[in-house]
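Chain by chain, the residues:
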Amino acid sequence: MPRNNHSSRGQQQRRRPQRHKDVLHTQGGHRANDFRCTSCRLDVSPAAPGTAHRNHCPNCLASLHVDRKTPGDRDADCRGRMEALGMSVRTDGEWMIIHQCASCGELSANRIAGDDNPLALVRLALRPLADPKHAGRALITM
Amino acid sequence: MSSHTTNNNTLNLGTFACAWCGLTVSAYAADGAPRNHCPSCLHSRHVLDHVEGGPSDCEGRMSPIAIAVLRTGDWMVIHRCVRCDELTSNPVRTDDNQLILMRMAVRPLAQPPFPLEAFGTL
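The model shown is predicted, which means the values in this text are computed figures rather than measured ones. (Residues numbered from 1 in each chain as written. Chains lettered and ligands numbered in written order. Predicted model: local features only at pLDDT ≥ 70, side-chain atom pairs only at ≥ 80, totals over all residues.)

Structural notes on the confidence of the model for chain B
All names here are of chain B.
Here comes step 1: Averaged over every residue, the pLDDT of chain B is 83; residues scoring 70 or more account for 88%.
Here comes step 2: A low-confidence stretch, residues 1-6 (pLDDT under 50), is modelled with eleven contacts involving residues beyond four sequence positions or located in other chains.
Here comes step 3: At the level of chain-chain contacts, confidence expressed as ipTM amounts to 0.79, with global pTM at 0.77. (pLDDT = per-residue confidence, 0-100. Contact = placed C-beta atoms within 7 Å.)

Observations regarding the interface of chain A and chain B
Here comes step 1: With 28 residues of chain A in contact, the opposing surface of chain B contributes 26 residues.
Here comes step 2: The dominant element in the side of chain A that touches chain B, judged by the number of residues it contributes, is strand 4 (residues 81-89) of chain A, at five residues.
Here comes step 3: Looking at the side of chain A that touches chain B, its residues break down into 16 nonpolar, seven polar and five charged. (Helix = DSSP H or I, 4+ residues; strand = E, 2+ residues; numbered from the N terminus. Nonpolar A, V, L, I, M, F, W, Y, C, P; charged D, E, K, R; others polar.)

Observations regarding the nonpolar core
Here comes step 1: Ranked by size, the top nonpolar core spans 35 residues in total, and within it I97 and I98 of chain A together with I67, A68 and I78 of chain B carry the most contacts.
Here comes step 2: Of all the secondary structure elements, the ones that give two or more residues to this core are strand 4, strand 5 (95-101), strand 6 (107-111) and helix 2 (118-125) of chain A together with strand 4 (61-69), strand 5 (75-81) and helix 2 (98-110) of chain B.
Here comes step 3: Not counting residues within four places of it along the chain, the set of residues in contact with I78 of chain B comprises G86, S88, I98 and L107 of chain A together with P64, I65, A66, A68, L87 and S89 of chain B. (Core = buried A, V, L, I, M, F, W, Y, C linked by C-beta atoms within 7 Å. Buried ≥ 20, exposed ≤ 12 C-beta atoms within 10 Å, placed from the backbone.)

So, unusual backbone geometry
Residues and elements named next belong to chain A.
Here comes step 1: For R41, which is not a glycine, the phi torsion comes out positive at approximately 60 degrees.
Here comes step 2: The exposure class of R41 is exposed, given the 11 C-beta atoms found within 10 Å.
Here comes step 3: For R79, which is not glycine, the phi torsion reads 55 degrees and is therefore positive.
Here comes step 4: Mapped onto the elements, R79 comes out in the loop between strand 3 (63-64) and strand 4.

Shown next, in the form of structure tokens:
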């Protein structure tokens, strides 16, 4: 599924270079094997198109609370299941999933990967519009 | 006016100044619930630590990045601090600017990473 949204601004909009990720690679703690999602038990491979590391399951978009300050530091004691709460978008057009840990309530934001289930992504992005009460309230104030 | 200091004493007077638009905001919404973000621009200030639950020493400006929905159907505004990148979530109040809220809720759909035409039939 193509993720290149070539904007009309062209040369003016530089692609933000990917942040240098050295936390896992230098310490030798990189998890090079498959893992199973805690929510849907899918066998997930560590190779994700479009990003260097996986942080959520491509099927159900659930994550694990393992990082504290920087993504990849594996510094959190919680290890609780994080479920997708909402969708945000960065200024360069990248969709970001907002996760909330079910154990400690901490929030985190991570980019989507190229092989995420697109129906799950769109349903998550459409969640605020699911009930007509809020749309009606916005119209009434106009 | 009450809103020149940035320590917790301002909340005893019942108002604070918005970090983004400068509006004088009352600390309680129309229905009596406490609010932490400006109803007109939805920006907030990093005074509470979401992780540990106590006061924070960051005091940075928090800008809204997303709208999330709870299981009850209530909307929450997700803020990110511009100084320390911490994320917090707070409920939406009834007197918040509905147009800005709606714009934030539909913003992901305006810039989809893949074409959405196929989803109309699913």
